[in-house]
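Summary of the model geometry
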Amino acid sequence: MNAQVSSVSHSIYNNKGAFALLLGSGVSSGAGIPTGSDIALDLIRQIAVLENANCEPEPEEWFFKRFGEWPGYASLLEPLTNTETERQNLLRRYFEPNETELEEGLKKPTLAHQTIARLVSKGYVRVIITTTLDRLVENALRCIGIEPVVISCPGHIVNSLPIVHSRVTVIKVNGDYMDSSFLNVKSEADKYEERLSELLRYVSDNFGLITCGWTGTSDRVLKEALETSNKFRFSNYFTYSDKVGNELEELAYIRRGKAVSITNADMFFKELHEKIEVLESTKSADLSTSQIALTKLKKFIVHDEQIISLHDLIRSEVDRINFNFNALPVAGTPTKEGIKGRVNYYFKQCSSLSSLFVNGVYWGKEQHHSIWLNSLACFTSAKERDEDGGVWLDLETLPGLIFLYSIGLASIMKKDYRLLSKMFSMTSHLRYGEAPILDHVNVAKVLDYDTLREALGNRQLVPMSELLFSELKPLFNSFLPHSKDYENIFDMFEYLLALAHTKKMGKGRVPVGRFGYRVKQSGIKHPFEQIANELGTHKEAENLFSSSLFVDIADLKHTEKKFKEYFDKLSGYYF
């Protein structure tokens, strides 16, 4: 998730209609539209052929030496055409698709253009300045029923509806390919006509600015027009996709703006629009990052074609919290306060991703399983550290345990036993090799009970299980009508977890959850009675059986018998 784009979206959302877009050739290049410079070079080469001359390696320099002026469209088209219609036909092929290009989806509005049109339709953008000669922005607007006011020459300014009364005004500072008498190429060698300069000053003074696909390197006059403003009522954002150039950095400094790194125009406007939609849906002035992420998840998960966006959303959150965890120190003598603080920190940092897991599992499909489990795997293997042992290293497994429970509880709630079976069958990568995930990540392994009890200041029999129960409960409040329902799925999950551990490990200490002491001390029904009922009445429960875990119901019951023998021997303090 790009925090800089979040800042742009907040500015646009909270200042509706107060921003102008400045679009350069980088926005249209994705549609296969050549830049003005590319067209100029091609026309110069055509002229050179007619002159029987070699214009390489510097076609513009050759043109200047040959004709005594820098190439503009008027001077370039004159040797090649005789009438306005011929000039339009010559330029048309650069901007309008032929049959092959049409089949390939070229030279038509891109995702960026379409998204800009949606922002206009919602009233967020009212002015679009463009250096391109194509009509992709106008076409995208007309596709959704918006007829823009288009200014492609100074003469249009007088007769056009004023910006304050127009739904959207498109200002084409370099002209339009269908009106070649006003086109310009070597803009850095010219000055804008006064009426156009005045209009640009008005926009520069009264609107915030967001640039995209524009570097400022070949538009000196436009850059100077933006620099003359000394009124900055709204923010200024200058996007770049590779490396920010000196021109943009200088302009950002002068206009007190920010340079914003983006992938490309399509992805920038797509993410910008999505974030604004999130803000619209919540109507909150104080949205947290987790709320935005959850809203995006619910949007992505219902559309199969959005699975990549869903993956990227989860992965960005995984990377964010892993970065935070890797920065934690593992040296120093642990104190009670230090351990408690570290435990609380892990739960707080994991809350957003846990919420995404719970909602993702509940609303998702089997095709999403790999997203949840691959993300879980990022927290269930040993980190590559030089240090050995110690409480801090033991606690590094806690995030994995939190997410194991988050996914597991949601699987029980959803009755997605196939996902549960896959998760129980996972392995962890340790320094000495691989181990079953249930042996490496469990309530008894993360931190010994005595240390945790002392740090938390309680005498609970199963402190980690109780902590998970209380910390994860809020994530299920919107799904379950009563707290007893949550307790039931928690018991069911921990019991299946104990059975899976028994099956996988065969012998040794089995982590028993909070159901254990309640069965022994309070006489509550054994969780297996509920599980057996679920397995007997729901066809989905058959998905729990696999060659890597419980083969069938008989195998499950046999494992349950072994666990009961172990469980009956437990007493008092040891769970």
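Structural data are supplied above this passage.
Residues numbered from 1 in each chain as written. Predicted model: local features only at pLDDT ≥ 70, side-chain atom pairs only at ≥ 80, totals over all residues. Heavy atoms only, no water.

This part covers the overall build of the protein chain. For the protein chain, the count of helices and strands is 28 helices and 9 strands. Taken over C-alpha atoms, the radius of gyration comes to 32 Å for the protein chain, far larger than the 25 Å a tight globule of 575 residues would show. Seen through its principal axes, the protein chain has C-alpha atoms that stretch 100 × 50 × 50 Å. A burial count over the protein chain gives 51% of its 575 residues as buried. If you take every contact in the protein chain between residues at least 6 apart in sequence, the share linking residues at least 24 apart comes to 73%. Approximately 26400 Å² of the protein chain is accessible, and the part contributed by carbon and sulfur atoms is 49%. Taken together, the 67 basic and 74 acidic charged side chains of the protein chain have centroids lying 7 Å from each other. (Helix = DSSP H or I, 4+ residues; strand = E, 2+ residues; numbered from the N terminus. Rg over C-alpha atoms; globule rule 2.2 N^0.38 Å. Buried < 20%, exposed > 50% of the residue type's maximum accessible area, 1.4 Å probe, protein only. Contact = heavy atoms within 4.5 Å. Areas by Shrake-Rupley, 256 points an atom, 1.4 Å probe, with all protein chains shown as cover. Lys, Arg positive; Asp, Glu negative; His and termini not counted. Charge placed at Lys NZ, Arg CZ, Asp CG, Glu CD.)

According to the stated counting rule, one finds 1 cavity of 30 Å³ or more in the structure shown. Along the walls of the largest cavity sit Leu23, Gly24, Val27, Ser28, His113, Thr130, Thr132, Asp134, Leu136, Val137, Glu138 and Lys172, which together make up its complete lining. Counting residues per element, the ones that place at least two in the lining of the largest cavity are helix 2 (25–28) and helix 9 (136–143). Counting residues per element, the lining of the largest cavity draws most heavily on helix 9, at 3 residues. Across the lining of the largest cavity, the residue classes break down as 4 nonpolar, 5 polar and 3 charged. (1 Å grid on protein atoms, 1.4 Å probe; cavity = no way out; pocket = protein on both sides within 12 Å on 5 of 7 lines; lining within 4 Å. Points joined across faces, edges and corners; volume = space filled by probe spheres on them. Nonpolar A, V, L, I, M, F, W, Y, C, P; charged D, E, K, R; others polar.)

Before going further, it helps to examine the sheet that holds strand 3 (residues 149–151). Taken together, the 7 strands give an open sheet; going across it, the order is 3-4-2-1-5-6-7, and neighbouring strands pair in parallel fashion. Edge positions in the sheet fall to strand 3 and strand 7 (258–261), since each has one partner strand and no second. Along the sheet, successive strands turn relative to each other by an average axial angle of 20°, direction set aside. Bridge count for strand 3 against strand 4 (residues 169–172) is 3 bridges, and the pairing is parallel. By the bridge assignment for strand 4, Val150 is matched with Val170. Running at roughly 165° to strand 4, helix 9 makes contact with strand 1 (19–23), strand 2 (125–130), strand 3 and strand 4 of the sheet. Across the sheet, helix 13 (residues 246–254) lies against strand 6 (236–240) and strand 7, angled at about 165° from strand 6, the strand it touches most. (Pairing = 2+ DSSP bridges. Axes fitted to C-alpha atoms, helices over the stretch in contact; angles between N-to-C directions.)

Once that is clear, we can look at the packing of aromatic side chains. Applying the stated criterion to the full structure yields 27 aromatic pairs. Taking the centre distance of 6.3 Å and the plane angle of 45° together, the rings of Trp363 and Phe479 count as tilted. Residue Trp363 is located in helix 17 (residues 336–363), and its partner Phe479 is located in the loop between helix 24 (463–472) and helix 25 (483–505); the two are separated by 116 residues in the primary sequence. A relative accessible area of 49% means that Trp363 is categorised as partly exposed. Taking 5.5 Å as the distance between ring centres and 40° as the angle between the ring planes, the aromatic pair formed by Phe476 and Tyr486 counts as tilted. A residue pair is termed long-range when its members are at least 10 positions apart, and Phe476 in the loop between helix 24 and helix 25 and Tyr486 in helix 25 qualify at 10 residues. By the ring-pair criterion, three or more aromatic residues cluster together here, those being Tyr405, Phe424, Phe469, Phe476, Tyr486, Phe490 and Phe493. The ring of Tyr177 carries Arg135 above its face, with NZ or CZ at 5.7 Å from the centroid. (Phe/Tyr/Trp six-rings, centres within 6.5 Å; stacked < 30°, edge-to-face > 60°. Lys NZ or Arg CZ within 6 Å of the ring centre and 35° of its normal.)

What follows deals with the pattern of salt bridges. Following the criterion strictly, the structure yields 31 salt bridges and no others. Taking the shortest distance from any N to any O, the salt bridge between Asp304 and Lys365 comes out at 3.2 Å. Of this pair, Asp304 sits in the loop between helix 15 (289–301) and helix 16 (307–326) while Lys365 sits in the loop between helix 17 and helix 18 (369–377); the two residues are 61 residues apart in sequence, bridging distant segments of the chain. Residue classification places Asp304 among the partly exposed residues on the basis of a relative accessible area of 41%. Here Lys365 falls in the partly exposed class, since its relative accessible area comes to 39%. Put simply, Arg320 and Glu317 hold a salt bridge, and the shortest N to O gap is 2.6 Å. In this pair, Arg320 and Glu317 both sit in helix 16, 3 residues apart, roughly one turn of the helix. When salt bridges with common partners are traced through the structure, they connect Lys122, Glu277, Glu280 and Lys299 into a single cluster. (Salt bridge = Lys/Arg side-chain N within 4 Å of Asp/Glu carboxyl O.)

All told, the structure shown has 0 disulfides when counted by the stated rule. No disulfide involves Cys212; its nearest neighbouring cysteine sulfur is the one of Cys143, lying 20 Å away. Judged by relative accessible area, Cys212 falls into the buried class, the value being 1%. (Disulfide = S-S within 2.5 Å.)

A few words now on helix 3 (residues 36–50). Because an α-helix packs 3.6 residues into every turn, residues spaced three or four apart end up facing the same way. The first and last C-alpha atoms of helix 3 sit 21 Å apart over 15 residues, in line with the 21 Å expected at 1.5 Å per residue. Residues Ile39, Ala40, Leu43, Ile44, Ile47 and Ala48 constitute the buried set of helix 3. Residue Asn52 follows helix 3 closely and has a positive phi angle near 55°. (Expected span 1.5 Å × (residues − 1).)

Now for the packing of helix 20 (residues 398–414) against helix 21 (residues 417–424). Remark: helix 20 packs on helix 21, axes separated minimally by 8 Å, with the N-to-C direction vectors making an angle of 150°. As the angle between them shows, helix 20 and helix 21 are arranged roughly antiparallel. The hand of the helix 20/helix 21 crossing is left-handed. Taken together, the residues of helix 21 that come into contact with helix 20 (itself represented by Leu404, Ile407, Gly408, Ser411 and Ile412) are Tyr417, Leu419, Leu420 and Met423. When grouped by side-chain class, the residues that make up the contact of helix 20 with helix 21 number 7 nonpolar, 2 polar and no charged. (Parallel < 35°, antiparallel > 145°, perpendicular 65-115°, else oblique. Left-handed = near helix turned anticlockwise from the far one by under 90°.)

Here the focus is the pairing of strand 7. Where strand 6 and strand 7 come together, 4 bridges link them in parallel fashion. Directly across from Thr239, in strand 7, lies its bridge partner Val260. Viewed along the sheet, the connection from strand 6 through helix 13 into strand 7 turns out right-handed. (Right-handed = clockwise from strand over helix to strand, strands pointing away.)

In short, shape yes, function no, at least from these values alone.
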